[in-house]
Amino acid sequence: MDAGLAAVLGATVGAFGTAVTGVAAASFTYRSARRQVKAEALRTLRESRRATYTSFAEASGRYLEMLATTLTPLENVGRFPEEREQWIENAHRRWSKALRHRQNQVEGQRLCLALDATRPVSDAAEDLAKNCALLSYATRRAIAAHKGHDLDTGPIEPPLPSYIDLLTEGGLDPEAPDLKALQSRARDAYNAFLSAAAADLGENGMLA
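Residues numbered from 1 in each chain as written. Predicted model: local features only at pLDDT ≥ 70, side-chain atom pairs only at ≥ 80, totals over all residues. Heavy atoms only, no water.

Engineer: Whenever I open this one, the packing of aromatic side chains confuses me. Can you help?
Structural biologist: Aromatic ring pairs: the centre-centre distance and the angle between the two ring planes describe each pair. For the structure on display, the rule yields 3 aromatic pairs. Ring centres of Phe 56 and Phe 193 lie 5.1 Å apart, and the angle between their planes is 75°; this geometry places the pair in the edge-to-face category. Of this pair, Phe 56 sits in helix H1 (residues 3-77) while Phe 193 sits in helix H5 (residues 179-201); the two residues are 137 residues apart in sequence, bridging distant segments of the chain. Phe 193 shares its class with Phe 56; the two are buried. (Phe/Tyr/Trp six-rings, centres within 6.5 Å; stacked < 30°, edge-to-face > 60°. Helix = DSSP H or I, 4+ residues; strand = E, 2+ residues; numbered from the N terminus. Buried < 20%, exposed > 50% of the residue type's maximum accessible area, 1.4 Å probe, protein only.)

This is the structure in structure tokens:
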């Protein structure tokens, strides 16, 4: 082969090889960049959901605590007849405070969660909201029975038109439901939400 032709062929092959190598490098860089962008997007989404789940958990946990403090004076109404009226007023005041917390904090956080959560977490949040509402509504009825008249619920209407059906399905007496049993179910639903949130983020116990 002519030396000049060999030199041309060598240069051509070399240039082609360099071009192929450049394309491969560019393709690798592009794929790597895409993976990094995807990983960052997933991290951002996870952090956003973590904040949303935590806010809802904190608001709901506080709501359950406030309802628990409402049950205490109700339990004392029959034990201390001479202080009956005071215990009833204490229960009414604490229940009203819990209702305002639900209106101002829990409902707002629940709406944010509904927009950001995965289906399992959203379902767990709905179940928690239902059980909390049952406990609150039953507590309201118990206080109203002691006071002899219904209670003002503020701008939010009674949340569960199927209240009696839900209690009946749960094996509770609609006329005098066991408040402690409702409280226990609400706490179980709260723990189930924590588990669903932790599983969704891949960090067991993340919100517990």
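Moving on from the model shown.
Engineer: In this structure, what is going on with helix H3 (residues 119-147)? I would like to understand it.
Structural biologist: Owing to its 3.6 residues per turn, the α-helix brings residues three or four apart onto one side. In a regular helix each residue adds 1.5 Å, so 29 residues correspond to 42 Å; H3 covers 42 Å between its end C-alpha atoms and thus fits that length. After H3 finishes, the residue Gly 148 shows a positive phi value of roughly 85°. (Expected span 1.5 Å × (residues − 1).)

Engineer: Hey, could you run me through the packing of H3 against H5 in this one?
Structural biologist: Packed helices, taken two at a time, are described by the angle between their axes plus the distance between the axes. Relative orientation of the contacting elements H3 and H5 amounts to 160°, with a least axis distance of 8 Å. Relative to H5, the element H3 lies roughly antiparallel. As H3 runs across H5, the sense of the crossing is left-handed. Of the residues that constitute the contact of H3 with H5, the class distribution is 19 nonpolar, 3 polar and 3 charged. (Axes fitted to C-alpha atoms, helices over the stretch in contact; angles between N-to-C directions. Parallel < 35°, antiparallel > 145°, perpendicular 65-115°, else oblique. Left-handed = near helix turned anticlockwise from the far one by under 90°. Nonpolar A, V, L, I, M, F, W, Y, C, P; charged D, E, K, R; others polar.)

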